[in-house]
Number of protein chains: 6
Amino acid sequence: MRVDGRQSDELRPVIIEADYIKHPEGSVLISFGDTKVICSASIEERVPPFMRGQGKGWVTAEYAMLPRATESRNIRESSKGKLSGRTMEIQRLIGRALRSVVDLDAIGERTVWVDCDVIQADGGTRTAAVTGAFAAMCLAFQKAAADKTMKKFPVTDYLAAVSVGVDEEHGAILDLNYAEDSKAEVDMNLIMTGSGEFVEIQGTGEEATFSRSQLNSLLDLGEKGISELFAIQKEAIGEAASYLESEGEKES
Amino acid sequence: MRVDGRQSDELRPVIIEADYIKHPEGSVLISFGDTKVICSASIEERVPPFMRGQGKGWVTAEYAMLPRATESRNIRESSKGKLSGRTMEIQRLIGRALRSVVDLDAIGERTVWVDCDVIQADGGTRTAAVTGAFAAMCLAFQKAAADKTMKKFPVTDYLAAVSVGVDEEHGAILDLNYAEDSKAEVDMNLIMTGSGEFVEIQGTGEEATFSRSQLNSLLDLGEKGISELFAIQKEAIGEAASYLESEGEKES
Amino acid sequence: MRVDGRQSDELRPVIIEADYIKHPEGSVLISFGDTKVICSASIEERVPPFMRGQGKGWVTAEYAMLPRATESRNIRESSKGKLSGRTMEIQRLIGRALRSVVDLDAIGERTVWVDCDVIQADGGTRTAAVTGAFAAMCLAFQKAAADKTMKKFPVTDYLAAVSVGVDEEHGAILDLNYAEDSKAEVDMNLIMTGSGEFVEIQGTGEEATFSRSQLNSLLDLGEKGISELFAIQKEAIGEAASYLESEGEKES
Amino acid sequence: MRVDGRQSDELRPVIIEADYIKHPEGSVLISFGDTKVICSASIEERVPPFMRGQGKGWVTAEYAMLPRATESRNIRESSKGKLSGRTMEIQRLIGRALRSVVDLDAIGERTVWVDCDVIQADGGTRTAAVTGAFAAMCLAFQKAAADKTMKKFPVTDYLAAVSVGVDEEHGAILDLNYAEDSKAEVDMNLIMTGSGEFVEIQGTGEEATFSRSQLNSLLDLGEKGISELFAIQKEAIGEAASYLESEGEKES
Amino acid sequence: MRVDGRQSDELRPVIIEADYIKHPEGSVLISFGDTKVICSASIEERVPPFMRGQGKGWVTAEYAMLPRATESRNIRESSKGKLSGRTMEIQRLIGRALRSVVDLDAIGERTVWVDCDVIQADGGTRTAAVTGAFAAMCLAFQKAAADKTMKKFPVTDYLAAVSVGVDEEHGAILDLNYAEDSKAEVDMNLIMTGSGEFVEIQGTGEEATFSRSQLNSLLDLGEKGISELFAIQKEAIGEAASYLESEGEKES
Amino acid sequence: MRVDGRQSDELRPVIIEADYIKHPEGSVLISFGDTKVICSASIEERVPPFMRGQGKGWVTAEYAMLPRATESRNIRESSKGKLSGRTMEIQRLIGRALRSVVDLDAIGERTVWVDCDVIQADGGTRTAAVTGAFAAMCLAFQKAAADKTMKKFPVTDYLAAVSVGVDEEHGAILDLNYAEDSKAEVDMNLIMTGSGEFVEIQGTGEEATFSRSQLNSLLDLGEKGISELFAIQKEAIGEAASYLESEGEKES
């Protein structure tokens, strides 16, 4: 049994609270155990300069943590005057992953900004952020499709993320909390689609390297966890889920 | 009747949820109607360079908004690489106000960082932030006093803030929401102590100037609103309130 | 008697030297005792992006101090690469105050930049800056009105500022110099118009809080001081004063 | 046959020119076809603040491109005043990978800076950089071990990196050049050790997602390519290779 | 006759007003015609990190212009967040020149900051700044020598600067004003010592190149102008001049 | 004999390797002894804002050093977030010098960016950069002239730069290496055209001042060195040299 009583292949309790804040087109508060992230999706009626005039849209993400989301207080990146490498890596990852399941042509010349703000951190903030960002984005697109701003619902598949790792005591484990992450020998983040394909695999063995058979165990575990996340997303996004599942038909 | 059905001298519903996030020494989620601010107080075991070696502490505040706390999305200050003048003004104001009711000698060489992060904005974010920051700070000091980290509870009086303004239709009004604030001719923020003294008065008449008699009406209204906020704070901070009220005795 | 021999309600010698530097449309060197500020007003033939296409103008201010305007040398903000919160607060205050007495529609799509550069500081730099900025701006508008660049003189009333404070020894005092300001328990800046209305009230009691009756004494003192400043401004701006006083008629 | 006549599982010509510049403790010019990177390793007699007093060392990397290393000119990051997210990601990756094969205790309180400057880019700059950085670092450590600055040669295994991808026409391909990379559906970078373990796997499918069986093909291809790189590294680093291979014995 | 009626070899009226502002150890307002620069010298009781522990001092300079010192308003470097290349060039030049006539050992571990702030510009701001900076620095050192803070007056020779140029109409001319500078084919700044040696020669022919014989004419003209500046400096710095001239003796 | 066996008036071996990197329109690797600089010229089809609409072009330069081009490692300017004053001075100098021999009207509305990146430094990096930048620029223009992008070859004369200095032991010396430069009393950089005119003279005597006769010796030495550089440039730029020499005729 793990430090919080979970089995090796068990997710923490995952809760997605839809429409958490009132101004964004879509928003959720997502919890992976004690990790809590506010995800909000904003639709802006223009695209960045490098996309102009192509008749298609763009999806981008930003990620941040409140200074005291963590055990000890972090200096704000706005006070330091620059983003850390870690922040940049994570927000590039979220944006890239979201774009893999969006039909950018169907958005028109609009930008979807998905903001992921961690209000409490206990490991797995980037995987919670991807999973919540997808839900917030779906809620925003559902409104746009419902009021005919967009001619169809532009999301082509489910998308979720989970972390897996290797722990000296338990071997391969799913959805690491902060205590587990700090001691893990290998740390891997997986992002997959509803059809079981990979979008991103990022595995790092700073403390130790890993073999191909360990890699295979981690992938098995991740696939199991992500399939559970899809069910939770579907429940949370309500009507947007029916749009997503019947996307081909609704267009006609 | 005002746009949301309130009387001229009526606050919006004010809720203070204590211990909202788990890592900080003290934290609250404060709501003034639809304005919601996470306030957290962190105690750091050192002081800024200009305070070193004096045997006393420091209290400082930071203020920020999530990008989509507002009607339209704001660019993050961390992306822009600098704080706006508005942010600096507000965070300097919060820190100054908090210090007016803290015995810095009693803290020892420690810094209290109070972070005020607006997750949803509907007018009055700075007054909600001051009022919530005070509560979060008290919760943090209560723990420090309880576990004898600090030799006494260093807060000397209650502290709360409210906005008042002049509206063409209703005259002087209390606790303006965003719609009211946008149309107000005069906008004033008041910060007061439990003993009825002023800590800050900031009144601005960009759209219109104001007379001395209007000023007096605004001050009357603000005094009424702030006295109601003290009762809500007292309820929310629980045991810290009893420390605060018997502060002189507990020390001995 | 105060440290420099003044009565409680006495201003320092105030001198406004018009047309102090040759390039700006309007400029003054203003002295409040040993506090000396060069104020210059520049008229630019365009407005900032958020004002474009509205057919009206904008007035904005910038404030800075030479590094050795003060007792000990300050690092330049250009070397630090950013403005301090204090600088931002002051320049926002000056701009807001000036706009309260300018008819922005009458300017046309132009920006008036008022630069306030403190060459020697001895307390009250922001009130000297507001008072001098108003004079420099009037001189610039007078030229624009005289040569028909603007169809009328767009200033609607006089504007001046003064500091007041509470001192342990003398009680309420007017126009604090640096030595007084450093020891004051309460510090307040007032900005008023020629018709006796308030534009800004900013009162702070970092060292001590203040009561409503103290506030009233400070306001009385400030009103007295500001009325004396109007006379000095009128003398200094010469022909611009006659434009200002007959503004309604000259337009026709 | 691929655009440049290679087989699917064929590396571009790889050349490592040791001691390319005279000042650094170790340096190489590495070419993966037309991709050319100057890698230099500098040993500094101190560690970053977070490592002080632990008696161990640190290895870190920096990555940059000359403005015209690419088809069209890029603005310098020094002129923009900040590093791009891409640069930060790559230099964090290189540093992390190098540390996985270095015994930090054996370095003592020293920092090894490995600078990777791309002078000509044609795809695969990050994999060439990792592979060259390893060689430059070994050359620097060899000198330190030879002159007894370090008590042993601190590198524990070979380290190299290669890219693999999926191309519509050829399927899985090894070591993509820029033309191939631009059209690839899946892009993956692998970093492995001489003992056949993984250090990093980073796979991204922005244009298309990828299945588990495609992943397996890519891993097979990468393992083949990396084993060839080890032979080239061994040749290039000369005496350092014999230190590396007999590292256990030389220490005694 | 030149545009302002001067002969080719004639300086503009040069005025040096000593002790212009009250806080600095030394200060002057220097005018070269309509070019006016406030120069102030501040003595700080420490040296920059690279000088520590050597028992000697440092002299450095900073240069800036008020935004409306020029014909059209310049954006403040503090608002832009960085110094221009022109500013950096000029302040490095001033610092280097001052150090050439100061015995750094005689200062002790102190830094002299010389701030040159142009309040009105009409060509030749850098030569006026050097000439005024020298005077301000002498005044500061005189006080330090008089009150025995420094064991001797550390300035070893006079120092002044002037511009020379080639004009299509008049040939070689001395001390160019802005109108002349804008049209000059060659622009050269000379800095010399009281003993007739060169400290800096900076000649640029962006519009046209220049021959060796033109160079010789320019040097002749500059030598004449600088010798006149020494007389004006000597007058202005009063007692400091006697220290400077008898520096060898006063030490013993 | 000098430290490296040269005569006082002897250049180090100078090598210009044309077309050193593949993407730029023109590029060279230039060596002045152990000083090595990659110079590349990029032609961009637009001009900076201040040049727009005038039908003419612009030439600008950027200069940088790899972190370990020098004896000890320098922090990257991209990491520091700003350019040093030294870098700005040098790149402004290179750009100004190149423009003195280019007919900007003949370029059309294009910008030529010349990047000078020092990969190994041993004194004289700025003079090597100017000399190599000229060659890279000529190669780029030759292509543009050959393919009729530009109606004529726009370079009007040769351009090269060399350093000269005064050394206690050898007197005036040509082309100082780093060891010589560190000990030189006077340091001067000369830039001249093929017709024997001066473009820039920058002489500095931080350690010692210099007399007019020393200046003359330095100029003689510089003229000799630069004339030798022209022969090496001519050889390196091949066909571009014939364009340059017959520039008047080819146009017709």
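Residues numbered from 1 in each chain as written. Chains lettered and ligands numbered in written order. Predicted model: local features only at pLDDT ≥ 70, side-chain atom pairs only at ≥ 80, totals over all residues. Heavy atoms only, no water.

Going by an unreviewed UniProt entry, chain A carries the name Ribonuclease PH and comes from Alteribacter lacisalsi. Entered under Subunit (unreviewed entry) in the UniProt record, the comment concerning chain A runs "Homohexameric ring arranged as a trimer of dimers." (UniProt positions renumbered as here; feature names shortened; annotations may be inferred.)

## With respect to the overall build of chain A
In terms of regular secondary structure, chain A is built from eight helices and nine strands. Here chain A has a C-alpha radius of gyration of 18 Å; the compact-globule value for 252 residues is 18 Å, and the two agree. Principal-axis analysis of the C-alpha atoms gives chain A an extent of 55 × 45 × 30 Å. In chain A, which comprises 252 residues, the share counted as buried stands at 63%. Taking the 28 positively charged and 42 negatively charged side chains of chain A as two groups, their mean positions are separated by 7 Å. (Helix = DSSP H or I, 4+ residues; strand = E, 2+ residues; numbered from the N terminus. Rg over C-alpha atoms; globule rule 2.2 N^0.38 Å. Buried < 20%, exposed > 50% of the residue type's maximum accessible area, 1.4 Å probe, protein only. Lys, Arg positive; Asp, Glu negative; His and termini not counted. Charge placed at Lys NZ, Arg CZ, Asp CG, Glu CD.)

## Thoughts on the interface of chain D and chain A
Facing 31 residues of chain D, the contacting portion of chain A comprises 31 residues. At the boundary of chain D with chain A, the tally comes to six salt bridges. Across the pair A:E89 and D:R92 runs a salt bridge, and its minimum N-O distance is 2.6 Å. At the boundary of chain D and chain A, one finds 18 residue pairs in polar contact (both at pLDDT 80 or more). For the side of chain D that touches chain A, the elements supplying multiple residues, two or more each, are α2 (85–99), β9 (198–204) and α6 (212–237) of chain D. Considering only residue class, the side of chain D that touches chain A consists of nine nonpolar, 11 polar and 11 charged. (Contact = heavy atoms within 4.5 Å. Salt bridge = Lys/Arg side-chain N within 4 Å of Asp/Glu carboxyl O. Polar contact = N/O pair within 3.5 Å; in protein donor to acceptor, adjacent residues only side chain to side chain. Nonpolar A, V, L, I, M, F, W, Y, C, P; charged D, E, K, R; others polar.)

## Thoughts on the pattern of salt bridges
Inspection of the entire model under this criterion finds 132 salt bridges over all chains. When the shortest N-O distance is used, the salt bridge between F:K224 and F:E228 registers 2.4 Å. Residue F:K224 and its partner F:E228 are located together in helix α6 (residues 212–237), separated by four residues, close to a single helical turn. The class of F:E228 is partly exposed, set by a relative accessible area of 31%. When salt bridges with common partners are traced through the structure, they connect A:R2, A:D4, A:R6, A:R12, A:D122, A:D175 and A:E180 into a single cluster.

## Section: the relation of the copies chain D and chain A
The two copies are related by a screw motion: chain D maps onto chain A through a turn of 180 degrees and a shift of 0.0 Å along the axis, at an RMSD of 0.0 Å. The relationship between the two copies is best expressed as a two-fold rotation axis. Among all residues of chain D, the minimum C-alpha distance to the rotation axis is found for D:Q202, at 2.3 Å. Of all interface residues in chain D, 100% are interface residues in chain A too; the two copies therefore contact each other through one and the same surface. (Least-squares fit on C-alpha atoms with pLDDT ≥ 70 in both.)

## Focus on the UniProt feature "binding site: phosphate" (unreviewed entry) in chain A
Residues and elements named next belong to chain A. Those residues carrying the UniProt feature "binding site: phosphate" (unreviewed entry) are R86, G124, T125 and R126 in this numbering. Across 41 residues in sequence, these annotated residues keep their C-alpha atoms within 13.4 Å of one another, forming a single compact spot. Relative to the assigned elements, T125 resides in helix α4 (residues 125–146). Residue T125 is classed as buried on the basis of its relative accessible area of 6%.

## Looking at the state of the cysteines
All names here are of chain B. Enumeration over the complete set of coordinates arrives at zero disulfides over all chains. Between C116, a cysteine without a disulfide, and C39, which holds the nearest cysteine sulfur, the sulfur-to-sulfur distance is 4.1 Å. A residue is classified by how much of its surface remains accessible, and C116, at 0% relative accessible area, is buried. (Disulfide = S-S within 2.5 Å.)

## Structural notes on the packing of aromatic side chains
Here the structure, examined in full by the defined rule, presents 30 aromatic pairs over all chains. Ring centres 5.9 Å apart and planes at 45 degrees place the aromatic pair F:F134 and F:Y158 in the tilted group. Here F:F134 is found in helix α4 (residues 125–146), whereas its partner F:Y158 is found in the loop between α4 and β6 (159–167), with 24 residues between them in sequence. Across the pair, exposure class does not vary: F:F134 and F:Y158 are buried alike. One aromatic cluster is present, built from ring pairs that chain together A:F134, A:Y158 and A:F230. (Phe/Tyr/Trp six-rings, centres within 6.5 Å; stacked < 30°, edge-to-face > 60°.)

## Focus: the UniProt feature "domain: Exoribonuclease phosphorolytic" (unreviewed entry) in chain A
Feature annotation in UniProt places "domain: Exoribonuclease phosphorolytic" (unreviewed entry) on residues 10–140 and 157–224 of chain A, given in this structure's numbering. Its end C-alpha atoms 30 Å apart, residues 10–140 of chain A is made of 30% helix and 31% strand.

## Here's the deal with the arrangement of the chains
One finds no contact between chain A and chain E; the C-alpha atoms of the two approach each other to within 11 Å at their closest. Kept free of each other, chain B and chain F leave a smallest C-alpha distance of 11 Å between them.

## With respect to the sheet that holds strand β5 (residues 111–120) of chain C
Residues and elements named next belong to chain C. If you trace the five strands from one edge of the open sheet to the other, you get β1-β2-β3-β5-β4, paired in mixed fashion. Each of the sheet's edge strands pairs with one partner strand only, and the pair in question is β1 (14–18) and β4 (58–65). Within this sheet the neighbouring strands show an average axis-to-axis angle of 20 degrees, counted without direction. Sheet topology note: the strand β3 (residues 35–44)/β5 ladder contains nine bridges and is antiparallel. Its bridge partner being in β5, A41 is matched across the sheet by V114. Strands in contact with helix α2 (residues 85–99) are β4 and β5; relative to β4, the strand with the most contacts, it is inclined by about 145 degrees. (Pairing = 2+ DSSP bridges. Axes fitted to C-alpha atoms, helices over the stretch in contact; angles between N-to-C directions.)

## Concerning the interface of chain B and chain C
The interface of chain B with chain C comprises 31 residues on the first partner and 31 residues on the second. Of the roughly 2,900 Å² buried at the junction of chain B and chain C (both faces included), carbon and sulfur atoms supply 48%. Across the contact surface, chain B and chain C share six salt bridges. Here B:R212 makes a salt bridge to C:E223, at a shortest N to O gap of 3.4 Å. Our count for the chain B to chain C interface comes out at 18 residue pairs in polar contact (both at pLDDT 80 or more). Counting residues per element, the ones that place at least two in the side of chain B that touches chain C are α2 (85–99), β9 (198–204) and α6 (212–237) of chain B. Per-class residue counts for the side of chain B that touches chain C are nine nonpolar, 11 polar and 11 charged. Sheet topology places β9(B) next to strand β9 (residues 198–204) of chain C; five bridges connect them, and they run antiparallel. Pairing of B:I201 across the sheet is with C:G203, part of β9(C). (Buried area = accessible area lost by both parts, 1.4 Å probe.)

## Some points on helix α6 (residues 212–237) of chain C
Taking 1.5 Å as the rise per residue, α6(C) with 26 residues should run 38 Å; its terminal C-alpha atoms sit 37 Å apart, in good agreement. Of the residues flanking the end of α6(C), it is C:G238, one or two places downstream, whose phi is positive at about 50 degrees. (Expected span 1.5 Å × (residues − 1).)

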